[in-house]
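Results of the structural survey
So the chains spell out like this:
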Amino acid sequence: MKYLMLPVHLLEFWYPEGLNFFIRTWKNLMLFLEEDLAVGLMWKLLFTPLFHDATIVGRVLSFMFRVVRILIGLFAFCVVSAATFAIAVYWLLVPILAILDTPKFVSQALLFAGIGLFVIHKFTHPHKKVWQIKKGDFWDASAVKKEDLALNRLLTNKEVLDLLANLELPLNSFPQFEITDAEKVGKSAFEYAKKTGSGYIGQTHFFVAALLDISNIENSLLKLDLKPEDFAGALFYLERKKELWRRVWLWDEDFVVHHLRGVNRGWLGAPTPTLDLVSEDLTRKAAKEGFPAFIRENGVVEEVVNILSQKTGRNVIIAGPPGSGKSSLIRHLARQIVMGDAPDALATKRLVLLDLAKLLSGVKTQGELADRIKEIFEELEFVQNVILVIEEIHELGVGEVGSSLNLYSLMQPYLESDAFQFIGTTEGASYSKILEKNGAFARIFRKIELPPATPADTLQVLQDRAIRAQRESKVKISYVCLKTAVALAQKFIRDRVLPDSAISVLKEAQIQAVNGWVSRDVIRRVVSTRVKVPIMEVDNIDKSRLLNLEMEMHHRMIDQEQAVKLVADSLRRSVTGLREEERPIGSFLFVGPTGVGKT
């Protein structure tokens, strides 16, 4: 029956779907051209001078330039629209022209090529995507047939083997199973595909759905140091990798237009030579090199953006412990600006990081420093599109008395002026100890607390970094190693917090990768070396020694049964992970006269 419907599907492919294809392509072309030629922006800025040149000559030249840009853009729109319309009409008429043999052989060739595309699409892609399944048969979103749902077939699939590799599972490590209820497994696979944002239901979704449908599977997975939710996490990781690695074409449904020209698309900027000598333009660096996204689900990014978008009281100070992501948040804002994801109030801003060492370099007197700062802020006042970033802002010398080079006292008039905008970073202790005591400073800045990332946020950060690292270095990084990095970094690394502690572990593990794979054993080795503590699984510990700690201790001392038992119990709880992470392993006060065995 399905083969009898092929002619109907061919007509659908050629006409309704073909028409949608050309409409979508035309729409994306218009958006692309508008982003590149900025016709709407030129119209909006028609009477705004280029580069802040407000002279009569400057205004006239600016007006003429913008009018020419608008005319060029309108001409490009017309040409592209006409060409797209002509190609679409010809495509729709190809079946008729092929019969009439007009033009000779060309239409027949295009017709056969189109039929070839239809056949390839029909037999390599399911009829619908997962998100298109509302009510009805979810099998329409899968190329897997019911008769293909056998373990031996699934285990020959490359994507299933990749899933097992990311969970560090050998083929013979999990229980054998047979799929007896294809409908039940199919529904679960459909839910996994929806949850992980997959386009289609693949063999990996069926494999996970079937495996987790086994009774008491949790106990089997526990022996492998895995949980059922790890399979969904690995599916999401693999789908995220596909999404980031896939090239999106102009005619694709998920084609998105981003900024193509950075932050100076309206030619409103002006040079800042003095500032450039003592700073780094983060927006320029974001456009040239790119920054990773800042992942945090507590709404802190939106809070910072809202404050920066205000007309007054728009200075922000981000306070958080080392490694919480203060610098990453600021670089994420630069990334949003150059990618066109920032609100209008920030869309044309430059984020410029002030280098205090360069600012003070070569300065001998307070007067020289004052002149340099004055020159910088005169440039900022002229360009009007710079947000000045000062990391470790407490180092400005707030509250210092008698300092020969007190930066804060020189910058205070500019900090208090609404003509300038600032983002500062500091640690919580420094804010309380130095900045909060200065009432004027506390009024200038809105404080945003940035707590350490949660393990869930950190895992997402590591996934994005791992996917990009795999593309650049070809080193494979398993999903379970990322989970292990988060858990061990949170537990053992105390000098920095998540996500930075876990990121540093992953970076070092990539260097130590064995045979091109970063596994959880590599992560354990890295953490063990860093904290000088052997990291091991409880299964690998000499259990008899763990159970007989009291006897081990009594080799060194006689009696004191109560004290020995309390210490041994605390050590056992620590090794098995049954203690509170934020508290010591144990606190004991040994009281007794000299010689009873306290030491």
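What this report covers is the structure whose coordinates are included nearby. (Residues numbered from 1 in each chain as written. Predicted model: local features only at pLDDT ≥ 70, side-chain atom pairs only at ≥ 80, totals over all residues. Heavy atoms only, no water.)

1. Side note on the packing of helix α21 (residues 455-473) against helix α23 (residues 500-511)
It is the contact of α21 with α23, at a shortest axis distance of 10 Å, that shows an interaxial angle of 25 degrees. It follows that α21 is roughly parallel to α23 by the angle criterion. Where α21 crosses over α23, the handedness of that crossing is right-handed. On the side of α21, the interface is formed by Thr458, Val461, Leu462, Arg465, Ala469 and Ser473, while α23 contributes Ala502, Ile503, Leu506, Lys507 and Gln510. (Axes fitted to C-alpha atoms, helices over the stretch in contact; angles between N-to-C directions. Helix = DSSP H or I, 4+ residues; strand = E, 2+ residues; numbered from the N terminus. Parallel < 35°, antiparallel > 145°, perpendicular 65-115°, else oblique. Left-handed = near helix turned anticlockwise from the far one by under 90°. Contact = heavy atoms within 4.5 Å.)

2. Structural notes on the nonpolar core
Core analysis: the largest hydrophobic core is formed by 72 residues, its most contacted members being Leu167, Ile201, Phe207, Ile477, Leu482 and Ile523. Counting residues per element, this core draws most heavily on helix α22 (residues 479-492), which supplies eight residues. Residues in contact with Leu482, not counting those within four places in the same chain, are Tyr237, Leu459, Leu462, Gln463, Ala466, Ile477 and Leu506. In this structure, Val278, Ile317, Leu369 and Phe445 belong to the second largest nonpolar core, which totals 33 residues. (Core = buried A, V, L, I, M, F, W, Y, C linked by side-chain atoms within 4.5 Å. Buried < 20%, exposed > 50% of the residue type's maximum accessible area, 1.4 Å probe, protein only.)

3. A word on the packing of aromatic side chains
For any pair of aromatic rings, geometry is given as the distance between the ring centres together with the angle between the planes. Per the stated rule, a full pass over the model turns up 17 aromatic pairs. Pairing Phe177 with Phe207 gives two aromatic rings, centres 6.0 Å apart and planes at 50 degrees, and the pair type is tilted. On the criterion of sequence distance, the pair formed by Phe177 in the loop between α7 (158-166) and α8 (182-195) and Phe207 in helix α9 (residues 203-211) is long-range, its members being 30 residues apart. Aromatic pair Trp249 and Trp251: ring centres 5.8 Å apart, planes at 5 degrees, arrangement stacked. Of the aromatic side chains, those joined through ring pairs into one cluster are Phe138, Trp139, Phe190 and Phe206. Above the plane of the ring of Trp245 lies Lys241, whose end atom (NZ or CZ) is 5.7 Å from the centre. Lying across the ring of Phe291, Arg331 places its NZ or CZ 6.0 Å from the centre. (Phe/Tyr/Trp six-rings, centres within 6.5 Å; stacked < 30°, edge-to-face > 60°. Lys NZ or Arg CZ within 6 Å of the ring centre and 35° of its normal.)

4. A closer look at the sheet that holds strand β2 (residues 316-319)
Ordered in space as β1-β3-β4-β5-β2-β6, the six strands form an open sheet in which the pairing is mixed. A single partner strand is all that each edge strand has here, and the edge strands are β1 (279-281) and β6 (446-449). Ignoring strand direction, the axes of neighbouring strands in this sheet form an average angle of 25 degrees. Note that β1 and strand β3 (residues 350-354) share three bridges and pair antiparallel. Counterpart to Asp281 in the pairing with β3 is Val352. Packing against the sheet, helix α14 (residues 300-308) makes contact with β2, β5 (421-426) and β6, and its axis sits at approximately 170 degrees to β6. (Pairing = 2+ DSSP bridges.)

5. A look at the pairing of β5
Of all six residues making up β5, six are buried, and the element is well covered by its neighbours. Judged by which residues are buried, β5 turns out to be covered on both faces: Gln421, Ile423 and Thr425 on one side and Phe422, Gly424 and Thr426 on the other are all buried. With four bridges connecting them, β2 and β5 associate as parallel partners. Following the sheet pairing, Ala319 is matched in β5 by Thr426. Bridge count between strand β4 (residues 386-390) and β5: four bridges; the pairing is parallel. When the bridges of β5 are listed, Ile390 appears paired with Gly424.

6. Details of empty space enclosed by the protein
Sizing a probe to match a water molecule and rolling it over the atoms shows the empty space that remains. In the structure shown here, the tally under the stated rule is one cavity of 30 Å³ or more. Volume-wise, the largest cavity comes out at about 40 Å³. In terms of residues, the lining of the largest cavity owes the most to one element, helix α15 (residues 326-339), which gives three residues. Tallied by class, the residues present in the lining of the largest cavity amount to seven nonpolar, one polar and no charged. (1 Å grid on protein atoms, 1.4 Å probe; cavity = no way out; pocket = protein on both sides within 12 Å on 5 of 7 lines; lining within 4 Å. Points joined across faces, edges and corners; volume = space filled by probe spheres on them. Nonpolar A, V, L, I, M, F, W, Y, C, P; charged D, E, K, R; others polar.)

Function-wise, these values are silent; they only describe arrangement.
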